[in-house]
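# Inside the fold
Read off the chains here:
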Amino acid sequence: MRKSYKGIDISLYQGKPDFAAVRQSGVDFVMLKASQGRTAEYDAPFSDPEFEYNIAAVSRLFHEGLYAGAYHYLCARTVAEAKAEADYFIALVGKHRYRVRLWAAVDVEDGGFLPQDKELLSKIVAVFCDKVKQAGLRPMVYANTWWLDNRFTPPEGVPVWEANWSAALFPDRARMWQYSASGEVGGISGAVDMNIAFDIIGDANGDGKVDMKDVSAVVRHAAGWKVSLDEIQADLDGDGYVTLKDAAKLIRLISGR
């Protein structure tokens, strides 16, 4: 049985949240805006002014069960610009590799800069995600249902974070669902985007699921076998190492204890 997690996504517009209160309100994870491609006034990538504060504050609550991911707001008009935006995002988020335990997502929704051509936009998104993956981060694609159906095709093998505020059920193709833009949580003034995701931590073998195959991978790794492993996902106790303690914690997580 998959374990569900409650999440929010935020940017500078939420100011400096009280993340202890956010966690106490039942939030399990936060997707933080890290950067953006450009604006009409500034034609170069730039960082969200609250990202450094937010990622440090969230990661201090890791042992309280609060996890962090990051996202970049895509504004690339060409493949070259997609590469430049990805490089900027990777340099910014890469400094916090062991704090960003979830996904490094690309937000695909800008109607002003992104090209209308579906094939070109699909390539732009694929190039961005490929660079993120090559950098050792976990790519994800954010878009609403209409964009996913009409504007581009997500790269194969990259999980989808789908925004649909009117759907009654979790979208079939999504790994994460943004189901509301008008949520309320402790520690944040005003409305906030709400999300649900499954199995966000413990996916040691990178197959998109958290199950006994992950336990096997962790045990083998701890025993010295050469096993392909996502060490950030496998390090459930956050001590910087993958050991049998993580395998035990993963078993308890899978069994619901």
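Below is a short write-up of the structure. (Residues numbered from 1 in each chain as written. Predicted model: local features only at pLDDT ≥ 70, side-chain atom pairs only at ≥ 80, totals over all residues. Heavy atoms only, no water.)

This paragraph deals with the overall build of the protein. Per the secondary structure count, the protein includes 8 helices and 9 strands. For a compact globule of 257 residues, the expected C-alpha radius of gyration is about 18 Å, and the protein comes in at 18 Å, within 12% of that figure. By principal-axis analysis of the C-alpha atoms, the protein measures approximately 50 × 40 × 35 Å. Looking at the protein alone, contacts between residues at least 24 apart form 62% of all its contacts between residues at least 6 apart. Here the protein contributes 30 positively and 35 negatively charged side chains, and the mean placements of these two sets differ by 5 Å. (Helix = DSSP H or I, 4+ residues; strand = E, 2+ residues; numbered from the N terminus. Rg over C-alpha atoms; globule rule 2.2 N^0.38 Å. Contact = heavy atoms within 4.5 Å. Lys, Arg positive; Asp, Glu negative; His and termini not counted. Charge placed at Lys NZ, Arg CZ, Asp CG, Glu CD.)

Reported here for the largest pocket is a volume of approximately 710 Å³. For the lining of the largest pocket, the secondary structure elements donating two or more residues are strand S5 (100-107), helix H4 (118-134) and helix H7 (231-234). Its residues assigned to classes, the lining of the largest pocket comprises 14 nonpolar, 6 polar and 11 charged. The volume enclosed by the second largest pocket comes to roughly 500 Å³. Along the walls of the second largest pocket sit 27 residues, with Ser11, Tyr71, Asp107, Glu109 and Asp193 positioned nearest its centre. For the lining of the second largest pocket, the secondary structure elements donating two or more residues are strand S1 (4-10), strand S2 (29-36), strand S3 (46-47), strand S4 (67-73), strand S6 (139-144), strand S7 (160-163), strand S8 (174-183) and strand S9 (192-198). Residue contributions to the lining of the second largest pocket peak at 3 residues, all from S6. Classifying every residue of the lining of the second largest pocket gives 15 nonpolar, 6 polar and 6 charged. (1 Å grid on protein atoms, 1.4 Å probe; cavity = no way out; pocket = protein on both sides within 12 Å on 5 of 7 lines; lining within 4 Å. Points joined across faces, edges and corners; volume = space filled by probe spheres on them. Nonpolar A, V, L, I, M, F, W, Y, C, P; charged D, E, K, R; others polar.)

Topologically, arginine 38 is positioned in the loop between S2 and S3. Its relative accessible area of 5% is what places arginine 38 among the buried residues. In terms of polar contacts, arginine 38 uses its side chain to reach the side chain of aspartate 43, at 2.6 Å. Arginine 38 has contacts with Asp43, Ala44, Phe46, Cys75, Ala76, Arg77, Glu81, Glu85 and Phe113, leaving out every residue within four places of it along the chain. (Buried < 20%, exposed > 50% of the residue type's maximum accessible area, 1.4 Å probe, protein only. Polar contact = N/O pair within 3.5 Å; in protein donor to acceptor, adjacent residues only side chain to side chain.)

Let us look at the state of the cysteines. As enumerated under the stated definition, the model contains 0 disulfides in all. Unpaired in terms of disulfides, cysteine 75 finds its nearest cysteine sulfur in cysteine 129, a separation of 15 Å. (Disulfide = S-S within 2.5 Å.)

Turning to the pattern of salt bridges, a few remarks are in order. Applying the stated rule across the entire model yields 13 salt bridges. The residue aspartate 43 makes a salt bridge to arginine 38 at a minimum N-O spacing of 2.6 Å. Notably, a salt bridge pairs aspartate 230 with arginine 138, separated by 3.6 Å at the nearest N-O pair. Residue aspartate 230 is found in the loop between helix H6 (212-222) and H7, and its partner arginine 138 is found in the loop between H4 and S6; the two are separated by 92 residues along the sequence. (Salt bridge = Lys/Arg side-chain N within 4 Å of Asp/Glu carboxyl O.)

Grouped together as the largest cluster of nonpolar side chains are 49 residues, with contacts concentrated most on Ile8, Phe19, Val30, Leu74, Val108, Val125 and Phe152. If you look at the next biggest cluster of nonpolar residues, it comprises 17 residues, including Tyr71, Leu102, Trp161 and Ile201. (Core = buried A, V, L, I, M, F, W, Y, C linked by side-chain atoms within 4.5 Å.)

This part takes up the pairing of S7. The side-chain alternation of S7 yields two buried faces, one formed by Val160 and Glu162 and the other by Trp161 and Ala163. Across 4 bridges, S6 lies against S7 in parallel orientation. Looking at the pairing, valine 141 lines up with valine 160 of S7. For the handedness criterion, the β-α-β arrangement of S6, helix H5 (residues 145-150) and S7 is classed as right-handed. As paired elements, S7 and S8 share 4 bridges and run parallel to each other. Paired with valine 160 across the strands is alanine 174, a residue of S8. (Pairing = 2+ DSSP bridges. Right-handed = clockwise from strand over helix to strand, strands pointing away.)

In this description, a pair of aromatic rings is defined by centroid distance and the angle of the planes. Scanning all chains against the criterion turns up 8 aromatic pairs. A centroid spacing of 4.7 Å and a plane angle of 70° characterise the contact between tyrosine 142 and tryptophan 161, whose relative ring orientation is edge-to-face. Taken as a pair, tyrosine 142 in strand S6 and tryptophan 161 in strand S7 lie far apart in primary sequence, 19 residues in all. Like tryptophan 161, tyrosine 142 is buried. (Phe/Tyr/Trp six-rings, centres within 6.5 Å; stacked < 30°, edge-to-face > 60°.)

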